[in-house]
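Spelled out, the chains give:
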Amino acid sequence: MIHVDRLTKRYGPFTAVDDISFDVKPGQVTGFLGPNGAGKSTAMRIMAGLTPATSGTATVLGRAYGHLPNPGRHVGVLLDASAQHAGRTGREVLTLSAIMMGVDRRRVDEMIELVGLTDKEAARRVRNYSLGMRQRLGIANALLGDPEVLILDEPANGLDPAGIRWMRDLLRGYANRGGTVLLSSHLLNEIERVADEIIVIGHGRIVAQGTKDELLSGAGTYVRSTDDQALASALALEDVSASPAATGGLHVDAEPMTVGQVAAAAGVVLVELRAGDSRGLEEMFLELTAATAREEVAA
Amino acid sequence: MSTTVTAPISPTTESALPATAKVPERIPGERPTAGIPFGRLLAVELRKMVDTRAGRWLLIGIGAIIAIALTIMFFNESGHHRFEEYLQATTMPMAILLPVVGILAVTAEWSQRTGLVTYTLEPRRSRVTWAKFLGAMLAGAAAMALSIALAAVVHQAAITIQGYGGDWSIDGDTLLGASLFVLLGIAQGLGFGMLLRNTPAAIVLYFVLPTAWAILGDMVSWLDGAASWLDLNRTMNALFLVDSMSGEQWAQLGTSVAAWVALPVAVGMWMLHRAEVK
């Protein structure tokens, strides 16, 4: 439902989005994960027709965004919850969108109720809203036109833990009904908990992409024993590669059972043996984040 | 003995999201395949002019200034002024301030960043801008009608209360000239807004430009010659005596309008279409 093909955006010598391609499918939540400044927002702005691409294309529902008729009824977009006129009330913001899309004004009340804003709060000017309230108003605005596709940039920002859970349930329900959801975040666990598909972006490039299961499996086994060196050599004899973990123990490229068998045969006492967690994804993500952080310090 | 007073935890004054998320109901019927009709864009743009405090106070302010101008005239010389003079008193302040309505209509999308929503709901940005253009013009026409009505009321009051003989004579050309004066000013504001896409910059440029012409014209003699062709304030003043306007004055008006209205609108429209909305 969203198709991105070799998309590139350059600002002078700086490449914000570097030749990225992916598909966002209906019935799934797709997480767009990357550290701040990785190019997520730029890519999403291009998808919504707000930023012209340097090269490549992005289509939503088979068309360039700018060619969608009355796009608010097809695609719900939330790119920056703070981008609202400070002097307008929350209800007025939604009313303007409703008039433009041609949806019933009752829908405005429904959306206000959906995101839990009280009537009093909806009558307040956006200037007096907290980030969380703005975020909720932005979500209400994105859902107003009953879209098939949702494009949300960091929607969980400013929400409390209960709010983040609410968001997760909402997006899950939306996808289950056949909707297409693309949401971005710079937090791995946020994405991990809601997304079916994950696209990891760093320095404008896609560094990993696949279903959550694909990205999280293949993490091998984590094992800790009384004698990790002996275990490592025993594994090496069986042609199983292992590397020492930073926190002690070994990361092994094999199933836990294989590791257990090798340990038993070698007579090494195990202290801990379990399937490796999302170490691969997490470490890759940490490396990306650390590299970005270093650049920020250098700059 | 000391007492420890623990401050009560202040209750949060902010509402929260509901405990369970409810997927919003479907809007019955097919999703539209037709674009947004222009009338709806126009309705939204007109609404945006009055739904913020800034916009509302600007319009109230313009009304207040007209009221003050008329009050002064009513008491000055016992209100013995021709209807045409009353009309000029209402038109002038309006003509100066209404262009700000046009500027705000365009620049708020960028300075307040509402364009992020507006241009995702209607990516055909020039349609939005034409809706703003027409909306501001309609506001100008309404304001003009109001100022004619107010001028008539006060003129009539001068006749009834101050015992003034009254002079209703006014010709259509004068009305047309004054209306054109007001509308051209708004169009100029819109053009500056589209070109700069920044509220303070557009407002400052709009107000500084005539003064700059006057000062530079005084200092540099050849610039004074240019000003008679390019200073919109000067060329538009001729519109108040529209029936005695010479061919040269019309040419001067046309030149200045091309330079300060048509060109900014054309270039601004093109730039606005290509600009990145952030």
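As the structure is a computational prediction, the values presented were derived from the model and not from experiment. (Residues numbered from 1 in each chain as written. Chains lettered and ligands numbered in written order. Predicted model: local features only at pLDDT ≥ 70, side-chain atom pairs only at ≥ 80, totals over all residues. Heavy atoms only, no water.)

Asker: Hey, could you run me through the nonpolar core in this one?
Answerer: A general trend in soluble globular proteins is that nonpolar side chains are found buried together. All names here are of chain A. Core analysis: the largest hydrophobic core is formed by 82 residues, its most contacted members being Ile2, Phe32 and Met47. Setting aside chain neighbours within four positions, we find Ile2 in contact with Phe22, Asp23, Val24, Met47, Thr59, Val60, Val149, Ile151 and Leu182. In terms of nonpolar packing, the next biggest core, distinct from the first, is built from 58 residues, Val29, Val93, Leu150 and Val181 among them. (Core = buried A, V, L, I, M, F, W, Y, C linked by side-chain atoms within 4.5 Å. Buried < 20%, exposed > 50% of the residue type's maximum accessible area, 1.4 Å probe, protein only. Contact = heavy atoms within 4.5 Å.)

Asker: Explain the domain arrangement of chain A here, please?
Answerer: Where interface size is given, it is often the accessible area lost as the parts come together that is meant. We note that the domain assignment places domain 1 (2–216) and domain 2 (221–276) within chain A. Domain 1 of chain A and domain 2 of chain A are separated by 43 Å when their C-alpha centres are compared. (Domains from an automatic or database assignment.)

Asker: Looking at this model, I keep getting lost on the sheet that holds strand β12 (residues 242–244) of chain A. Mind explaining?
Answerer: Strand pairing in a sheet takes place through backbone hydrogen bonds and is either antiparallel or parallel in direction. Residue and element names in this part refer to chain A. Strand order in the open sheet formed by four strands is β12-β13-β11-β14, with antiparallel pairing between adjacent strands. Two strands lie at the open edges of the sheet, namely β12 and β14 (270–275), each paired on one side alone. Looking at each pair of strands side by side, their axes are set apart by 20° on average, direction ignored. Relative to β14, strand β11 (residues 221–225) runs antiparallel, the two being bridged by five bridges. Looking across to β14, one finds that Arg224 is bridged to Glu272. In the packing of helix α9 (residues 228–237) onto the sheet, the strands contacted are β11, β12, β13 (250–252) and β14, and the crossing angle to β13 comes to about 15°. With respect to the sheet, helix α10 (residues 256–266) is in contact with β11, β13 and β14, its orientation differing from that of β14 by roughly 160°. (Pairing = 2+ DSSP bridges. Helix = DSSP H or I, 4+ residues; strand = E, 2+ residues; numbered from the N terminus. Axes fitted to C-alpha atoms, helices over the stretch in contact; angles between N-to-C directions.)

Asker: Would you take a moment to explain the sheet that holds strand β6 (residues 75–78) of chain A for this structure?
Answerer: Residues and elements named next belong to chain A. The sheet built from six strands is open, its strands ordered β6-β7-β8-β3-β9-β10 with mixed pairing. Two strands in the sheet have a free side with no partner beyond their single neighbour: β6 and β10 (205–211). Between one strand axis and the next, the sheet turns through 10° on average, direction left out of account. One ladder, built from four bridges, connects strand β3 (residues 28–33) with strand β9 (residues 197–202); its direction is parallel. Bridge assignment links Phe32 to a residue of β9, and that residue is Ile199.

Asker: Where do I start with the layout of surface pockets in this structure?
Answerer: Sizing a probe to match a water molecule and rolling it over the atoms shows the empty space that remains. Looking at the largest pocket, its volume works out to about 480 Å³. Here the lining of the largest pocket takes three residues from strand β4 (residues 55–60) of chain A, the largest share from any one element. Grouping the constituent residues of the lining of the largest pocket by class yields nine nonpolar, seven polar and three charged. Roughly 330 Å³ of internal volume is contained in the second largest pocket. Taken together, 23 residues line the second largest pocket, and the ones lying closest to its centre are His85(A), Lys48(B), Thr52(B), Leu104(B) and Ala108(B). Of all the secondary structure elements, the ones that give two or more residues to the lining of the second largest pocket are α1 (38–50), α2 (53–75) and α3 (83–111) of chain B. (1 Å grid on protein atoms, 1.4 Å probe; cavity = no way out; pocket = protein on both sides within 12 Å on 5 of 7 lines; lining within 4 Å. Points joined across faces, edges and corners; volume = space filled by probe spheres on them. Nonpolar A, V, L, I, M, F, W, Y, C, P; charged D, E, K, R; others polar.)

Asker: Looking at this model, I keep getting lost on the pattern of salt bridges. Mind explaining?
Answerer: If the charged atoms of two oppositely charged side chains come close together, the side chains can form a pair. Residue and element names in this part refer to chain B. Per the stated rule, a full pass over the model turns up 27 salt bridges over all chains. For Lys48, the salt bridge goes to Glu45, with nearest N and O atoms at 3.2 Å. Of this pair, Lys48 and Glu45 both sit in helix α1, separated by three residues, roughly a single helical turn. Judged by its relative accessible area of 14%, Lys48 falls in the buried class. For the salt bridge of Lys132 with Glu109, the shortest nitrogen-to-oxygen distance reads 2.8 Å. One end of the pair, Lys132, is in helix α5 (residues 125–161); the other, Glu109, is in helix α3, and 23 residues separate them in sequence. Each member of the pair, Lys132 as well as Glu109, is classed as buried. (Salt bridge = Lys/Arg side-chain N within 4 Å of Asp/Glu carboxyl O.)

Asker: I keep staring at the side chain of Asp231(B) and nothing clicks. Help me out?
Answerer: All names here are of chain B. In this fold, Asp231 is placed in the loop between α8 (221–230) and α9 (232–237). As a buried residue without a salt bridge, Asp231 has its nearest oppositely charged side chain in Arg234, at a separation of 4.3 Å. A polar contact is formed between the side chain of Asp231 and the backbone nitrogen of Asn233, at a distance of 3.1 Å. Residues within four places of Asp231 in sequence aside, it is in contact with Pro210, Trp213 and Ala226. (Lys, Arg positive; Asp, Glu negative; His and termini not counted. Polar contact = N/O pair within 3.5 Å; in protein donor to acceptor, adjacent residues only side chain to side chain.)

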